[in-house]
Amino acid sequence: MSQENEHVECLIIGSGPAGYTAAIYAARADLKPIMYTGMQAGGQLTQTTDVENFPGYPQGIMGPEMMEDFRKQAERFGTDIRFGYVSSVDFSSAPHKVVVDEIKTITADTVIIATGATAKWLGLPSEQQYNGFGVSACAVCDGFFFKGQDVAIVGAGDTAAEEATYLAKLCNKVHLLVRRDEFRASKAMVARVLATPNIEVHYNTETQEILGNGKNVTAVKVINNKSNITSEIPVEGFFVAIGHKPNTDIFKGQLEMDETGYLLTKPGSTLTNIEGVFACGDVQDMYYRQAVTAAGSGCMAALDAERYLAAKEHPVEA
Ligand SMILES: Cc1cc2nc3c(=O)[nH]c(=O)nc-3n(C[C@H](O)[C@H](O)[C@H](O)COP(=O)(O)OP(=O)(O)OC[C@H]3O[C@@H](n4cnc5c(N)ncnc54)[C@H](O)[C@@H]3O)c2cc1C
């Protein structure tokens, strides 16, 4: 296979809120960043409709439009934005090697990883049909749209338990659908769920279909996997909380990660275990997973990269 080589000061992998924010800061610091967008240019928010919690948009904004604004701002300061995905990396020695689309090798003094995470879905066609129109994988993002209404949420782990209690504060009633006859969540989280009067837990319950009127969700059809009895629960919102997969397969064996694949960073920074490699956004954050926190850590990554390069150029005598 043919190999072209190129060297850059700062390479950014991923074009969600974290990657674009890193690009704005890196470009303004004259690091001449090159960004590879990956297959989902603009990141997860391109999959959603209204974003109402990102500061600076008092009327809210559509997710894809907001990510266009991010892109234009990053381009305005000279970020070289390229469509392509990083297929492998070699961080064993400096400069770091990054292979794009399996053919092009780039060496980089600093690499900012902003590859995000992907929400896991049940895989039902109706889930796709109503995604953004009543179906969501993020209670904090979309719970507000169901204020005073009835919703269902699927999941049995800590995230599901936490999101169910979050929704219970906003919604009239929360149906928590648990596939087995017990939770996987910690005892404390389960106790909190069971003590919340407007959460009804449905054990041994699997979702068969999300029902709607063509525009919005109206109910969820479930089956009790012990009795095989099916029923319909009327709801306006349907939340999926069965986990996320961080997009880190290409970093396995190169960077430290936790047991679920989230990249580990030094607390209070974006530094990974490899010098000159920084991680920001959802790829290193299993807890907050918001556009604004991703953007904030993107800023941190660019500042960390800039300071790393400055320290290399002008080392301080001990
Ligand atoms: C349906 C939905 C609605 C949401 N609504 C809201 C909301 O209202 N408010 C809010 O604050 N948050 C919301 N979120 C969460 C928010 O989208 C994420 O927290 C945020 O997008 C994370 O940003 P990120 O930059 O870390 O990663 P992402 O947005 O996940 O972007 C990751 C980027 O990395 C790229 N990439 C991945 N692998 C590679 C590779 N190998 N090579 C090159 N590039 C790669 C992808 O193409 C993508 O561009 C929502 C999420 C979803 C799924």
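Residues numbered from 1 in each chain as written. Predicted model: local features only at pLDDT ≥ 70, side-chain atom pairs only at ≥ 80, totals over all residues. Heavy atoms only, no water.

Below, the discussion takes up the domain arrangement of the protein chain. Split into domains, the protein chain comes out as domain 1 (4-118 + 244-313) and domain 2 (121-240). Here domain 1 and domain 2 have C-alpha centroids that lie 32 Å from each other. At the interface, eight residues of domain 1 touch 11 residues of domain 2. Taking both sides of the interface into account, the surface hidden between domain 1 and domain 2 amounts to around 710 Å²; carbon and sulfur atoms contribute 42%. Three residues stand out in domain 1 for area buried against domain 2, namely T49, E52 and Q290, and they jointly supply 40% of the buried area on that side. On inspection of domain 1 and its partner domain 2, the count reaches zero salt bridges. Our count for the contact surface shared by domain 1 and domain 2 stands at one residue pair in polar contact (both at pLDDT 80 or more). Its residues assigned to classes, the side of domain 1 that touches domain 2 shows one nonpolar, four polar and three charged. (Domains from an automatic or database assignment. Contact = heavy atoms within 4.5 Å. Buried area = accessible area lost by both parts, 1.4 Å probe. Salt bridge = Lys/Arg side-chain N within 4 Å of Asp/Glu carboxyl O. Polar contact = N/O pair within 3.5 Å; in protein donor to acceptor, adjacent residues only side chain to side chain. Nonpolar A, V, L, I, M, F, W, Y, C, P; charged D, E, K, R; others polar.)

A few words on the layout of surface pockets. Space inside the second largest pocket adds up to approximately 350 Å³. In terms of lining, the second largest pocket is formed by 16 residues, of which the most central are T159, I242, G243, H244 and M286. Elements represented by at least two residues in the lining of the second largest pocket include exactly helix 5 (158-170) and strand 18 (244-246). The class makeup of the residues in the lining of the second largest pocket is six nonpolar, five polar and five charged. (1 Å grid on protein atoms, 1.4 Å probe; cavity = no way out; pocket = protein on both sides within 12 Å on 5 of 7 lines; lining within 4 Å. Points joined across faces, edges and corners; volume = space filled by probe spheres on them. Helix = DSSP H or I, 4+ residues; strand = E, 2+ residues; numbered from the N terminus.)

For the coordinates displayed, the defined rule picks out nine salt bridges. Of the charged contacts, one joins E75 and R71 as a salt bridge, the two residues approaching to 2.7 Å between their closest N and O atoms. Taken together, the positions of E75 and R71, both in helix 2 (residues 63-76) and four residues apart, correspond to about one turn of that helix. The exposure class assigned to E75 is partly exposed, which follows from its relative accessible area of 37%. (Buried < 20%, exposed > 50% of the residue type's maximum accessible area, 1.4 Å probe, protein only.)

Look at helix 1 (residues 17-28) against helix 7 (residues 291-313): their axes get within 7 Å of each other, and the N-to-C directions meet at 35°. In this structure, the crossing between helix 1 and helix 7 has a hand that is right-handed. For the pair helix 1 and helix 7, contact is made by P17, A18, T21, A22, Y25 and A26 and by A291, A294, A295, G298, C299, A302 and L303, respectively. Its residues assigned to classes, the contact of helix 1 with helix 7 shows 11 nonpolar, two polar and no charged. (Axes fitted to C-alpha atoms, helices over the stretch in contact; angles between N-to-C directions. Left-handed = near helix turned anticlockwise from the far one by under 90°.)

Taking 1.5 Å as the rise per residue, helix 7 with 23 residues should run 33 Å; its terminal C-alpha atoms sit 33 Å apart, in good agreement. Listed as buried for helix 7 are A291, A294, A295, S297, G298, C299, A301, A302, D304, A305, Y308 and L309. (Expected span 1.5 Å × (residues − 1).)

As a further point, take empty space enclosed by the protein. Inspection of the entire model under this criterion finds one cavity of 30 Å³ or more. When its volume is computed, the largest cavity comes out at roughly 40 Å³. Taken together, A119, K120, A137, T159, V240, A241, I242, G243, H244 and R289 make up the lining of the largest cavity. Along the lines of polarity and charge, the residues of the lining of the largest cavity split into five nonpolar, three polar and two charged.

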